[in-house]
Amino acid sequence: GAEGDLAQVLLEHYTSIQRYAWTDFCPDAVDYVTNRLRHIRDRQLSISRVDAENVSELHFDGADMIVCTALEHIAHDQEIIKAIPQGTKVALCLPSLMWDGHLRCFQNWDAIAQRYPDLHIRDYVTMGFAKNDYNKKYLLVATKT
């Protein structure tokens, strides 16, 4: 979930989204996003805290798409991917740099495909933020196989 930037953009620009569940493992983030998205009243919006290290707390049934920007912070990332129902679309943003709180980073697309073999990557883009491109983000849309 992070600070709710992506949730706000999606909900404000795509009125076809009727249900949106936002979760994070930080209580302060939950409070912040609850306030930030309080103006969204015309759709089913749930904001909650989850323990991402407890995979049994995560419920993906009925989701059209799972969007995650924090797998690098979660020790059991592969278990989370395995828990997503087959055929579900998945959108991920993964880092290339090891920062505080990151348990892993990725240097190329092959490393991502190797770590998450249950994802069939359908579309992807690499974003760079500096001229020397040392800090990249890997954005992908996949289908859980």
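These notes cover the structure that comes with them. Just so you know, these numbers come straight off a predicted model, no measurement behind them. Every chain's residues receive numbers from 1 upward, in the order its sequence appears when written. Local features in this predicted model are restricted to residues of pLDDT 70 or higher, and side-chain atom pairs are both shown and tallied only at a pLDDT of 80 or more, whereas totals for entire chains, interfaces and linings draw on every residue. Think of the side-chain values as coming from all heavy atoms in the structure, minus any hydrogens and water.

What to know about the nonpolar core
No. 1: Grouped together as the largest cluster of nonpolar side chains are 23 residues, with contacts concentrated most on L71, L92, L94, I112, Y116, L119 and L140.
No. 2: Only strand 3 (65-68), helix 3 (77-83), strand 4 (89-95), helix 4 (109-115) and strand 6 (136-144) provide two or more residues apiece to this core.
No. 3: In this structure L94 touches L71, F106, I112, Y116, K136, K137, Y138 and L140, once residues within four positions along its chain are discounted.
No. 4: Buried Ala, Val, Leu, Ile, Met, Phe, Trp, Tyr and Cys residues form a nonpolar core when they are joined through side-chain atoms within 4.5 Å. When a residue's accessible area, from a 1.4 Å probe over protein chains only, is under 20% of the maximum for its type it is buried; when over 50% it is exposed; and in between it is partly exposed. The next biggest cluster of nonpolar side chains, apart from the first, holds ten residues, and it includes Y20, V30, V33 and I40. Here a helix means four or more residues in a row that DSSP labels H or I, a strand means two or more in a row labelled E, and each is numbered from the N terminus. Every residue pair with non-hydrogen atoms within 4.5 Å of one another is taken to be in contact.

Topic: a negative patch on the surface
No. 1: Every patch collects residues that have over 30% relative accessible area and no salt bridge, joining them within 9 Å if they carry like charges and within 5 Å if they are nonpolar side chains (Val, Leu, Ile, Met, Phe, Trp, Tyr). For the area figures, the Shrake-Rupley method with a 1.4 Å probe applies, and any residue is considered shielded solely by the protein chains shown. A pairing counts as a salt bridge when a side-chain nitrogen of Lys or Arg comes within 4 Å of a carboxyl oxygen of Asp or Glu. Asp and Glu count as negative and Lys and Arg as positive, but His and the ends of the chain are not part of the count. Charged groups are reduced to one reference atom each: NZ for lysine, CZ for arginine, CG for aspartic acid, CD for glutamic acid. On the surface, a cluster of negative charge is made up of D51, E53, E57 and E79.
No. 2: In this structure, E57 sits in the loop between strand 2 (44-49) and strand 3.
No. 3: E57 sits in the partly exposed class, given a relative accessible area of 34%.

What to know about the packing of aromatic side chains
No. 1: Each Phe, Tyr or Trp ring (for Trp, its six-membered ring) is paired with any other whose centre lies within 6.5 Å, and the angle between the two planes then decides the class: stacked below 30 degrees, edge-to-face above 60, tilted in between. Considering all chains together, one arrives at three aromatic pairs under this definition.
No. 2: For the pair F106 and Y116, a centre-to-centre distance of 6.0 Å together with 50° between the ring planes defines the contact as tilted. Taken together, the residues span a long stretch of sequence, with F106 in the loop between strand 4 and helix 4 and Y116 in the loop between helix 4 and strand 5 (119-128) at a distance of ten residues.
No. 3: Classification of Y116 by relative accessible area gives buried; the value is 3%.
No. 4: An angle of 80° between the planes, with centres 5.2 Å apart, marks the rings of W109 and Y138 as edge-to-face. Here W109, found in helix 4, pairs with Y138, found in strand 6; they are 29 residues apart in sequence, far enough to count as distant.
No. 5: For W109, a relative accessible area of 19% translates into the label buried.
No. 6: We classify Y138 as buried; its relative accessible area is 2%.
No. 7: Among the aromatic side chains, those forming a connected cluster through ring pairs are W109, Y124 and Y138.

Some thoughts on the pattern of salt bridges
No. 1: Scanning the entire structure with this criterion turns up five salt bridges.
No. 2: One salt bridge in this structure joins K82 and D118, with 3.2 Å as the shortest N-O distance. Taken together, the residues span a long stretch of sequence, with K82 in helix 3 and D118 in the loop between helix 4 and strand 5 at a distance of 36 residues.
No. 3: Residue class for K82 comes out exposed when judged on its relative accessible area of 53%.
No. 4: You can call D118 partly exposed: its relative accessible area is 21%.
No. 5: Overlapping salt bridges bring together D77, R104 and R115 as one network.

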